[in-house]
Amino acid sequence: MLDARRLQGRLGVPVDGIIGAGTLTALFAKMGAAPAIAAELGLAANVHFRTYGILDTGLRLAHFMGQCAHESGGFRYMEEIASGAAYEGRADLGNTQPGDGRRYKGRGPIQTTGRANYRRDGRALGIDLERHPQLLSIPSMGLLASTLFWSRMGLNTYADQDNGAACSRGVNRGNPKSVKAANHEAERAALTVKAKGLTL
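This report concerns the structure included in the present document. (Residues numbered from 1 in each chain as written. Predicted model: local features only at pLDDT ≥ 70, side-chain atom pairs only at ≥ 80, totals over all residues. Heavy atoms only, no water.)

Ranked by internal contacts, the top residues of the largest apolar core, which has 42 residues, are Phe 28, Phe 49, Leu 61, Met 65, Phe 75 and Trp 150. Mapped by element, the contributors of at least two residues to this core are helix 1 (4-11), helix 2 (21-30), helix 3 (35-51), helix 4 (58-71), helix 7 (139-152), helix 8 (155-160), helix 9 (164-173) and helix 10 (185-199). At six residues, helix 4 tops the list of elements feeding residues into this core. Ignoring any residue separated from it by four or fewer positions in sequence, one finds Phe 28 in contact with Ala 33, Ala 38, Leu 41, Gly 42, Ala 45, Phe 49, Met 65, Phe 75 and Leu 143. (Core = buried A, V, L, I, M, F, W, Y, C linked by side-chain atoms within 4.5 Å. Buried < 20%, exposed > 50% of the residue type's maximum accessible area, 1.4 Å probe, protein only. Helix = DSSP H or I, 4+ residues; strand = E, 2+ residues; numbered from the N terminus. Contact = heavy atoms within 4.5 Å.)

Next up, the structure:
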């Protein structure tokens, strides 16, 4: 179970035992988000972290924050810096049309990538992300898709086991059971440790 009072004390926010947008805004800020982005993410997280069970335990929250902090450069980038050309023609991502690599490059805190993921998440959320992929560059929209992805990959289960490798591979490889290590797995682990220092 997540100790709300301990988290609030470590974040330096009023300690009332109720995790809300203010507490979550402070958490995003501690993990690197600029004030305006932290506020938008905190507001969205107050809804979506509850929907997808991420606030249920300190481990879930720490692993989610660590992975997203890595993917988004400390919540500074809601769109991948690279052009996306490297994803061109990647059938495993559903990028089958010319220009798909750039059009469906990584966006949001977890960096949703590939036409297939935009289509799948958009259908699940009732938002036409395949037609409007740029919507995931909006921090609150990107966070919604990120929490959905986290849930679809079953990563709360691995977070509960404190299995950072599986969380990393689920996010980066699309398969928590992948035998291939995630890119920058050590950096992901370090950011998760930083988040644990706040959530546990």
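By secondary structure assignment, the location of Ala 38 is in helix 3. For Ala 38, a relative accessible area of 1% gives the class buried. Spatially, the C-alpha atom of Ala 38 lies 7.2 Å from that of Ala 26, the residues being 12 residues apart in sequence. In this structure Ala 38 touches Thr 25, Phe 28, Ala 29 and Ala 33, once residues within four positions along its chain are discounted.

We now examine the packing of helix 1 against helix 2. It is at 10 Å that the axes of helix 1 and helix 2 come closest, and there the two elements cross at 50°. In terms of orientation, helix 1 lies oblique with respect to helix 2. Note that helix 1 runs across helix 2; the crossing there is left-handed. For the pair helix 1 and helix 2, contact is made by Leu 7, Gln 8, Arg 10 and Leu 11 and by Thr 23, Ala 26, Leu 27 and Lys 30, respectively. Grouping the constituent residues of the contact of helix 1 with helix 2 by class yields four nonpolar, two polar and two charged. (Axes fitted to C-alpha atoms, helices over the stretch in contact; angles between N-to-C directions. Parallel < 35°, antiparallel > 145°, perpendicular 65-115°, else oblique. Left-handed = near helix turned anticlockwise from the far one by under 90°. Nonpolar A, V, L, I, M, F, W, Y, C, P; charged D, E, K, R; others polar.)

Summed over the entire model, instances satisfying the criterion amount to five aromatic pairs. Each ring, one from Phe 49 and one from Phe 64, has its centre 5.2 Å from the other, and the planes form 80°; the classification is edge-to-face. A residue pair is termed long-range when its members are at least 10 positions apart, and Phe 49 in helix 3 and Phe 64 in helix 4 qualify at 15 residues. The same class applies to Phe 49 as to Phe 64, namely buried. Here the aromatic rings of Phe 64 and Trp 150 are separated by 5.2 Å at their centres, their planes lie at 80°, and the arrangement is edge-to-face. In this pair, Phe 64 sits in helix 4 while Trp 150 sits in helix 7, placing the two residues 86 residues apart along the sequence. Joined through ring pairs, the aromatic side chains of Phe 28, Phe 49, Phe 64, Phe 75 and Trp 150 make up one cluster. (Phe/Tyr/Trp six-rings, centres within 6.5 Å; stacked < 30°, edge-to-face > 60°.)

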